[in-house]
Structure formats: structure tokens, C-alpha cells
Amino acid sequence: MHIAATRPLIARRPAAPLLGTIRVPGDKSISHRALMFAALAVGESRISGLLEGEDVLRTAAAMRALGAEVVQDAPETWRVAGRGVGGLVEPAEVLDMGNSGTAARLLTGILASHPFFAVLTGDASLRGRPMQRVIDPLAACGARFLSRAGGRLPLAVVGARDPLPLDYRLPVPSAQVKSALLLCGLNTPGLTRVEEPEATRDHSENMLRHFGAEVSVQAQGSTRIITLAGQPHLRAADVVVPGDPSSAAFLIVAALLVPGSRLRIEGVGLNVLRCGLFAMLREMGADLRTENQRLQGGEPVGDLIVTHSPLRAVEVPAERAPGMIDEFPVLAVAAAFAEGTTRMCGLKELRVKESDRLTATAALLAANGVRVEIEGDDLIVHGGRPPAGGAMAQTHMDHRLAMSALVLGLAAQAPVAVDDGAFIDTSFPGFAALLNGLVEGPAPIAAP
Ligand code: S3P
């Protein structure tokens, strides 16, 4: 089932500040991986705090179609009886990954080393996204692929019967490509080796260890070399999914922009390879503090306390992009209110997200009265007075654009509408209700 009905929304300045103590839904990256690794482990794993957004529900359905037992016991509490490494079975149906690039890429890695036939598809956004970046390296293990032109979904996979271990240097910094190769390596004898010139989120490495695999990571300058010993005995493990820092980002920027606001967001994942935005906002003058830091299942977690702050412009160098790759639309919104000109460099990868996020973020800001330019792969935002607002933003089936536009509307001079807020459910179900619950008085986010 795809998200069908469009849901226009409009956000306006709230009558009161955003105040409260809240949690955000589970981390999307970790939720996908928890379901996949649990399905490849022997025994029953319990996952709590699972994100029940559309993207992750696609992964749950796919793992079920591949033979794992995947059951919801209570809200955000799931149980997975795994099949063991190499134990998945041929799915009877096409695997529909909805809007989720992570689900599609990681699953392709799993399928590449399972000797059966499977077909992957997705919604119009996902069917437009490049899969060649996983097809090319995975083909070297002996898997065969047929796709639409340009490596687009639908994609048919015949996994290798005797997969060869992969040794690959990532040409683009992508945790999805890295993870696809590691997942393929699980059912492959020998050592799978992935070299990443720029570090990307390491949730797969952390969770592989949590389920009992042998993974080593060596640093050579800024390059990381990840080696996985194939055909491990993965044993069931419990996973507590932290709150998604990429979802917390929208509330943090909202609180920074709405005068008088103060929020405490508990239990947020603080993996350093995900927290680039928080460092950037602090450099912009944000009062954003961390408390109660702890380790939870191999991942750092803590509470974030954010207080409304005036912001100043910054330069974001290209090497910081991988650590905040999903946060540029909302950072651009923050930059529109900051004093001075913010330049965000090296954003090529934004062009192949759920939408062309570079173009769409610039269009969102420009339509709402912000002076913005794209120079090559850089995004330049001229900040200052609160933007005029007043426009209807095109969200292009992209949850993060929709939420960024609504955050803009909370502080712009006139309300900001989005053509479709339905895709917010892919990563942050209940976003509007949670935000409205922080304000006394009329709901700032509503149907137009
Ligand atoms: C993700 C990796 C990133 C990110 C995406 C989630 C992951 O994509 O944008 O939202 O869970 O591995 P890329 O691998 O394309 O950079």
C-alpha cells in the first residue's frame, strides 16, 4: 500500500512559545537495520522504540515475505523470529519498499547473496532514485540484476548461489551502499571489505557487533576500512531504538526560531556521525545542550535541551555534509532567519534523495521571500529578518521538505502551506500533533 491521499497543511506563527518535555519517534536508520539483522539472526529478538513510520513498516513486511516472523506485540514493541544467516526464502510477491531508499538499498544487499529470485519496487519517488550505486558493486559477488534504464526500480534480483566476498571503495559517501555490501557479506564466505573515504553513519557496524558478527574498523587518515567476517552465527539480540536525531532536528529548529521556546527532547540518538546539525547550530549561536548521555545497545543516547536563540550565519564545509546529510532542508530554514549569509558546500548527494532536495529547498525558500542561490553543488542562503512566508511549498513526496516548510511557517511573517504533508508519516508519524501539543492556544499546524 502506498501513501495515497494528499494532505495539504498550513503552519502559522503560534500564539505562545513551544514549551515541554517530549520524545521523538525511533531512529529510522536503526529501525530498518534492527528488523533486517533480527530476521538474519537465530532466535527471537525484541525491538522496542521501533519507528512505526511507513518506511519501516515496508521493511517489516519485506522481512516477513522473506520468511521471518515479524510481530507487533505493543505500540513500538516488536518481536522478530529470525531465519539465521542464509536462511531467508524466496518471496512469493513483489517487495514494495514504498518511499524508502534505505529499505530498497539494504534489502538489495541481502538479496544479492541469497540464491533465489526477487523483485523490488517502490512509489514514484523511489522508482526515480538511483540503484546502480548498489547494483554495480553487488554484481561482483555473482548476483544478477535487471532494472529499468539508469538502474531504476522495479529491480529483479537473482542472488548468487556461491557468492564471492566483495572488496570495494565507496565512490560516494553513502551509508546505504556500505550497508548493502556488509549485508551481502553476511551470507558470503571470507572477508568482505569496504573502504569509505569519508565516514558515514555506522549503525550497521554497531548493530552487526550487537548481533554477534565480527566487524573491524581501521582508520587510515580520514578513510575507514570496514572488514566483516562472512557467515557468522548471528544470535537474537534485543534492540532499544533511540529517538531519531533527524526527526528531533525539526523540533529543535522550531524552538530556536519561535521566541520564548524551550524544549527538552529525551532519549535522542547522539551518534557523532549523525549529529553534524547540532554542532552547526551551536556554531550559529544556538543554546542547545546535552544531558544524561549514556550508551544504549552500542549507540550513544542523551537528552537535548534547546532554548530560543538568535542565530548567525555559518559556512558548512563539504566534509561536514555526510554527518548531517538529511538535515540540510531544515538547516537552510534556520539560515533564513540567521544574521548574514550561510553557505552550505558539497551538496551533490541531495539531488538524489526522496526528491532533488537541493533544488526543492532553494525553491521553498525563494517562494517564501528568502534570497537564495545554488552555485554548483553549494546552497547559499541570505538570512536576516524573518522571511515573508505566504507561499504554498511543493514537497515532491519528500517528508523532510514538508516538515522543513512547516517549521518555516511557524516563524515566517505569513503562514506557509505545503501541498502534501502525507509523506511526513514515512519518518515522523504524529509530527503535527506533537508540535501542536507544545503550544497553548490554537494549533499552529492545521489543514488549510
Ligand atoms: C541512510 C543513509 C543516508 C540517509 C538516509 C538514511 C541510512 O543515505 O540520507 O536517510 O540509513 O543508511 P545515503 O546512504 O544515500 O547517504
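Above this note sits the structure.
Caption draft 1: Highlighting the overall build of the protein. Per the secondary structure count, the protein includes 13 helices and 24 strands. Taken over C-alpha atoms, the radius of gyration comes to 21 Å for the protein, in line with the 22 Å a tight globule of 448 residues would show. When its C-alpha atoms are laid out on the principal axes, the protein stretches across 60 × 45 × 45 Å. Classification of the 448 residues of the protein by burial places 60% in the buried group. Sequence separation of at least 24 residues holds for 76% of the intrachain contacts in the protein that already meet a minimum separation of 6.

Caption draft 2: Just the layout of surface pockets, in detail. Put simply, the largest pocket is a space of about 550 Å³. For the largest pocket, the lining is made up of 35 residues, of which P173, S174, I325, E349 and K353 are closest to its centre. Going through the elements one at a time, α1 (28–39), α3 (101–112) and α6 (175–186) are the ones with two or more residues in the lining of the largest pocket. Considering only residue class, the lining of the largest pocket consists of 9 nonpolar, 9 polar and 17 charged. Estimates place the volume of the second largest pocket at around 280 Å³.

Caption draft 3: Main features of the sheet that holds strand β15 (residues 262–269). With mixed pairing, 4 strands are arranged side by side in an open sheet as β2-β15-β17-β16. Each end of this open sheet is capped by a strand with a single partner; those strands are β2 (19–23) and β16 (287–296). Looking at each pair of strands side by side, their axes are set apart by 15° on average, direction ignored. As paired elements, β2 and β15 share 5 bridges and run parallel to each other. Looking at the pairing, T21 lines up with R264 of β15. In the packing of helix α8 (residues 245–257) onto the sheet, the strands contacted are β2, β15, β16 and β17 (299–307), and the crossing angle to β15 comes to about 170°. Packed on one face of the sheet, helix α9 (residues 276–283) meets β16 and β17 and runs near 155° to β16.

Caption draft 4: Seen up close, the pairing of strand β20 (residues 371–375). Across 5 bridges, β20 lies against strand β21 (residues 378–382) in antiparallel orientation. Among the inter-strand pairings, I374 is bridged to a residue of β21, identified as L379.

Caption draft 5: The arrangement of the sheet that holds strand β4 (residues 69–74) in detail. If you walk across this open sheet you meet the 4 strands as β4-β5-β3-β14, and the pairing is mixed. This sheet does not close on itself; its edge strands, each paired only once, are β4 and β14 (239–240). The sheet contact formed by strand β3 (residues 42–48) and β14 spans 2 bridges and is parallel. In the strand pairing of β14, I47 is matched with V239.

Caption draft 6: Region of interest: helix α5 (residues 132–139). Residues of α5 that are buried: R133, V134, I135, P137 and L138. Looking at the buried residues of α5, the elements they touch are α3, β8 (144–148), β9 (152–158), β10 (167–169) and α6.

Caption draft 7: Expanded view of the site of the ligand. Surrounding the ligand, one finds S29, R33, T102, P173, S174, A175, Q176, R201, I325, D326 and K353. A175 has a polar backbone atom sitting 3.1 Å from an oxygen atom of the ligand. Measuring from an oxygen atom of the ligand, one finds a side-chain N or O atom of K353 at 2.7 Å. Coverage of the ligand by the protein amounts to 95% of the 380 Å² it exposes when considered alone. Placement of the ligand is best described as lying within the largest pocket. Of the residues contributing to the shell around the ligand, the split by class is 3 nonpolar, 4 polar and 4 charged.

Caption draft 8: Here's a closer look at the packing of helix α11 (residues 357–367) against helix α12 (residues 399–411). It is at 11 Å that the axes of α11 and α12 come closest, and there the two elements cross at 20°. Between α11 and α12, the crossing angle belongs to the class labelled roughly parallel. α12 is crossed by α11, and the crossing has right-handed handedness. Each of R357, A360, T361, L364 and L365 in α11 lies in contact with α12, whose residues at this interface are H399, R400, L401, S404, A405 and L408.

Quick notes on the rules
Residues numbered from 1 in each chain as written. Predicted model: local features only at pLDDT ≥ 70, side-chain atom pairs only at ≥ 80, totals over all residues. Heavy atoms only, no water. Helix = DSSP H or I, 4+ residues; strand = E, 2+ residues; numbered from the N terminus. Rg over C-alpha atoms; globule rule 2.2 N^0.38 Å. Buried < 20%, exposed > 50% of the residue type's maximum accessible area, 1.4 Å probe, protein only. Contact = heavy atoms within 4.5 Å. 1 Å grid on protein atoms, 1.4 Å probe; cavity = no way out; pocket = protein on both sides within 12 Å on 5 of 7 lines; lining within 4 Å. Points joined across faces, edges and corners; volume = space filled by probe spheres on them. Nonpolar A, V, L, I, M, F, W, Y, C, P; charged D, E, K, R; others polar. Pairing = 2+ DSSP bridges. Axes fitted to C-alpha atoms, helices over the stretch in contact; angles between N-to-C directions. Near = heavy atom within 4 Å. Polar contact = N/O pair within 3.5 Å; in protein donor to acceptor, adjacent residues only side chain to side chain. Areas by Shrake-Rupley, 256 points an atom, 1.4 Å probe, with all protein chains shown as cover. Sits in = over half its atoms within 2 Å of the grid points. Parallel < 35°, antiparallel > 145°, perpendicular 65-115°, else oblique. Left-handed = near helix turned anticlockwise from the far one by under 90°.

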